[in-house]
Amino acid sequence: MSPNKLAALSIMPAFTLREALLRMDQTARGILLVLRDDGILVRTVTDGDLRRAILNHASDASPVGELPDVKPVTANQDANAAGILQLMDQHQIDHIPILDSRGKPVDVIFRRELSQRIWLSSPHLGEEETMFVDEAFKTNWIAPLGPHVDAFERELASHIGVAHAAAVSSGTAAIHLGLVLLGVKSGDTVFCSSLTFVGSCNPILYCGARPVFIDAEPQTWNMSPAALERAFEWAKRENRMPACVILVNLYGQSADMDSLLPICERYGVPVLEDAAESLGAHYKGRSSGSFGRIAVYSFNGNKIITTSGGGMLVADDPDLVAKARKLSTQAREPAPHYEHTELGFNYRMSNVLAGIGRGQLRVLKQRVAQRRRVFERYVEALADLREVQWMPEPDGFQSTRWLTCFTLGGSDANVRCHRVMKALERHLIEARPVWKPMHLQPLFMGAPYFSHDPEMDVSANLFQSGICLPSGSNLSEEQQDRVIAHLRHTLLMAEDCSALA
Ligand SMILES: Cc1ncc(COP(=O)(O)O)c(C=O)c1O
């Protein structure tokens with residue numbers, strides 16, 4: 001609800017019943033807020049209150065202030081959607097004003113909105129997934145491996161222009177395998193982007209290796225070439241050259257490969273490209289995930305396409321991918337019995353899930369276009385709110401806008417971000433802070449960290465001031481309009497809490 005709409009619901013105690021009826025008719029929300037001169041809520045007036053007053057022969061010229069006293073049911077700004085719904089049920093009402101600490105309304109929640117949660121990024125199936133899954137059932141290929149796994153690997157590799165692919169149980173599993181394939185051992189150093197999801201770097205610990213975190217740059221929100229360069233100089237001095245660099249492509253956008261790859265090449269260190277969030281994106285015309293010695297994708301339920309859970313390891317080197325397949329099936333040696341000479345994992349994708357993946361891959365281009373459209377609608381609708389800074393997309397980068405993200409400016413950005421997310425949550429809208437950087441996570445306390453600039457910790461700032469909005473390719477325009485309206489309302493309310501007075 002915009003401040004204007006909230007203002008339209010607000011009346012003074014001196015309003016006559018007739019004026020209140022007219023206002024109720026114009027606003028058609030079934031509730032009006034009766035405010036004192038200083039903007040404090042005195043009571044609410046509902047359709048029912050007005051009807052009862054008229055049935056009791058109250059004059060339509062009598063003021064609403066003379067209606068029988070009823071204490072309004074309200075909630076404060078900390079209330080969440082579940083609590084609000086409980087209050088509605090308890091009092092058998094359909095709307096609840098939200099009051100600030102002084103008792104001024106800042107919002108009204110309507111029961112209708114609370115029937116449908118708007119997710120950050122939910123699975124979006126196409127039309128062919130069930131056909132492939134049915135086929136797996138009909139042919140009894142339910143076990144791991146099978147023709148869909150082979151076909152999914154071929155089709156994905158060809159889609160992104162990489163020679164080989166191995167389908168596995170998750171993106172995290174793919175990263176773990178990738179590290180093992182690149183020879184990461186206990187005690188080794190591994191560089192990794194700090195601004196990411198923990199799945200990027202937990203596998204460093206699985207290997208017994210030691211992470212070193214690299215900051216983001218403001219232009220791409222991905223790894224900072226300046227920080228990477230400084231990290232390499234440090235590693236050389238300390239004799240801690242990394243066994244590999246995990247380069248993450250965040251929120252659907254590639255890292256700046258032309259700046260980053262030559263640095264890694266110069267030091268002779270291989271790159272594991274974490275493209276879990278960037279399937280479908282391009283960098284200077286090439287697919288994201290086609291740059292690292294090894295790259296990985298995730299098909300987790302929130303990703304641009306999903307197999308409900310799954311991942312893919314890709315590489316041009318056939319030996320690496322053949323080894324990935326072996327390691328992901330308990331490293332079984334080619335023998336009639338079960339023979340093992342090295343440590344393996346149970347990481348392979350099942351044939352049923354690969355069937356879902358094949359169907360999803362066919363709609364990937366559509367999903368990219370839909371997510372980009374979601375982003376564009378946000379930008380268009382909120383263009384007048386200058387303080388909203390969208391995640392940049394530099395020339396030559398083609399992001400999928402997997403998640404639409406923005407930052408707020410100012411020293412109180414963090415407080416305001418939390419207020420915004422809380423307000424959206426009250427309306428059952430899921431928004432999230434930008435990833436909490438790994439160098440700030442208790443799990444990685446003490447790991448070396450290289451910021452973009454000695455004076456500027458970019459990923460920490462993005463975490464403090466950034467929000468990810470609902471971005472699903474299946475987000476309807478109506479749902480998005482709801483997000484936009486509430487976002488606009490909270491941003492404007494945050495600026496001017498006296499808008500209602
Ligand atoms: C950047 C990044 N890396 C790795 C992963 C791990 O993928 P998965 O959840 O499939 O294990 C994810 C997300 O889930 C991710 O966002």
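In what follows, the structure referred to is the one given above.
Below or above, wherever it landed, is the structure these notes cover. Not measured: the values here are computed from a predicted model.

What to know about the pairing of strand β8 (residues 189–193)
Counting buried positions along β8 yields 5 of 5 residues, so the element is predominantly enclosed. Here β8 shows no split at all, with Thr-189, Phe-191 and Ser-193 on one side and Val-190 and Cys-192 on the other all buried. Across 5 bridges, β8 lies against strand β9 (residues 210–214) in parallel orientation. Counted as the bridge partner of Phe-191 is Val-212 from β9. Bridge count between β8 and strand β10 (residues 244–248): 3 bridges; the pairing is parallel. Directly across from Cys-192, in β10, lies its bridge partner Ile-246.

Re the packing of helix α2 (residues 17–27) against helix α3 (residues 47–55)
Packing of α2 against α3 leaves a shortest axis separation of 11 Å and a crossing angle of 145°. Along this stretch, α2 crosses α3, giving a crossing that reads as left-handed. Residue-level contacts link Leu-17, Ala-20, Leu-21 and Met-24 of α2 to Asp-47, Leu-50, Ala-53 and Ile-54 of α3. Grouping the constituent residues of the contact of α2 with α3 by class yields 7 nonpolar, no polar and 1 charged.

Thoughts on the site of the ligand
Near the ligand lie 16 residues; those nearest to it are Gly-171, Thr-172, Asp-274, Glu-277 and Ser-298. The side chain of Glu-277 places a nitrogen or oxygen atom 2.6 Å from an oxygen atom of the ligand. One of the side-chain N or O atoms of Asn-300 is found 3.5 Å from an oxygen atom in the ligand. Against a free-state accessible area of 390 Å², the protein chains account for coverage of 94% of the ligand. By residue number, the principal contributor to the shell around the ligand is helix α7 (residues 171–181), which donates 3 residues.

Re the pattern of salt bridges
In the structure shown here, the tally under the stated rule is 29 salt bridges. Salt-bridge contacts for Glu-425 lead to Arg-117; the nearest nitrogen and oxygen are separated by 3.1 Å. Here Glu-425 is found in helix α14 (residues 413–426), whereas its partner Arg-117 is found in the loop between β6 (105–110) and α5 (129–138), with 308 residues between them in sequence. Since its relative accessible area comes to 27%, Glu-425 is described here as partly exposed. Within this structure, Lys-323, Lys-326, Glu-333 and Glu-342 form a network of salt bridges that share partners.

Section: the environment of Arg-386
Along the chain, Arg-386 falls in the loop between α13 (364–381) and β16 (389–390). Assessed through its relative accessible area of 69%, Arg-386 is described here as exposed.

A few points about the nonpolar core
Counting residues in each nonpolar core, the largest one holds 71 residues, and the members touching the most others are Leu-156, Leu-179, Ile-246 and Tyr-251. When residues of this core are assigned to their parent elements, the largest contribution, 6 residues, is made by α7. If you count residues domain by domain, this core takes at least three from each of domain 2 (129–361) and domain 3 (364–495). Excluding its chain neighbours within four sequence positions, the residues that come into contact with Leu-179 are Val-184, Val-190, Pro-203, Ile-204, Cys-207, Cys-244, Ile-246 and Leu-272. Judged by nonpolar contacts, the second largest core, of 25 residues, contains Leu-261, Tyr-267, Val-269 and Phe-397.

Description of the sheet that holds strand β21 (residues 466–469)
Across the sheet, which stays open at both edges, the 4 strands sit in the order β16-β18-β21-β19 with antiparallel pairing between neighbours. Because the sheet does not close on itself, it has two edges, and the strands there are β16 and β19 (432–433). The pairing of strand β18 (residues 404–407) with β21 spans 4 bridges and is classified as antiparallel. Bridge pairing links Phe-406 to Ile-467 in β21. Where α14 meets the sheet, its contacts fall on β19 and β21, and the angle it forms with β21 comes to roughly 20°.

Digging into α2
Along α2, the residues that are buried comprise Leu-17, Ala-20, Arg-23, Met-24 and Thr-27. The arc that holds the buried residues of α2, viewed along the axis, is 120°, so those residues lie on one side. Exposed side of α2, more than 90 degrees from the buried face: Asp-25 and Gln-26 are the residues found there.

Side note on the packing of aromatic side chains
The full count for this structure, using the stated rule, is 15 aromatic pairs. Geometrically, the ring pair formed by Phe-152 and Phe-299 is tilted, given 5.2 Å between the ring centres and 45° between the ring planes. Of this pair, Phe-152 sits in helix α6 (residues 147–160) while Phe-299 sits in the loop between β14 (294–298) and β15 (311–315), placing them 147 residues apart in sequence. Of the residues examined, Phe-152 reaches a relative accessible area of 0% and is grouped as buried.

The rules behind the values
Residues numbered from 1 in each chain as written. Predicted model: local features only at pLDDT ≥ 70, side-chain atom pairs only at ≥ 80, totals over all residues. Heavy atoms only, no water. Buried < 20%, exposed > 50% of the residue type's maximum accessible area, 1.4 Å probe, protein only. Helix = DSSP H or I, 4+ residues; strand = E, 2+ residues; numbered from the N terminus. Pairing = 2+ DSSP bridges. Axes fitted to C-alpha atoms, helices over the stretch in contact; angles between N-to-C directions. Left-handed = near helix turned anticlockwise from the far one by under 90°. Contact = heavy atoms within 4.5 Å. Nonpolar A, V, L, I, M, F, W, Y, C, P; charged D, E, K, R; others polar. Near = heavy atom within 4 Å. Polar contact = N/O pair within 3.5 Å; in protein donor to acceptor, adjacent residues only side chain to side chain. Areas by Shrake-Rupley, 256 points an atom, 1.4 Å probe, with all protein chains shown as cover. Salt bridge = Lys/Arg side-chain N within 4 Å of Asp/Glu carboxyl O. Core = buried A, V, L, I, M, F, W, Y, C linked by side-chain atoms within 4.5 Å. Domains from an automatic or database assignment. Arc of directions from axis to C-beta. Phe/Tyr/Trp six-rings, centres within 6.5 Å; stacked < 30°, edge-to-face > 60°.

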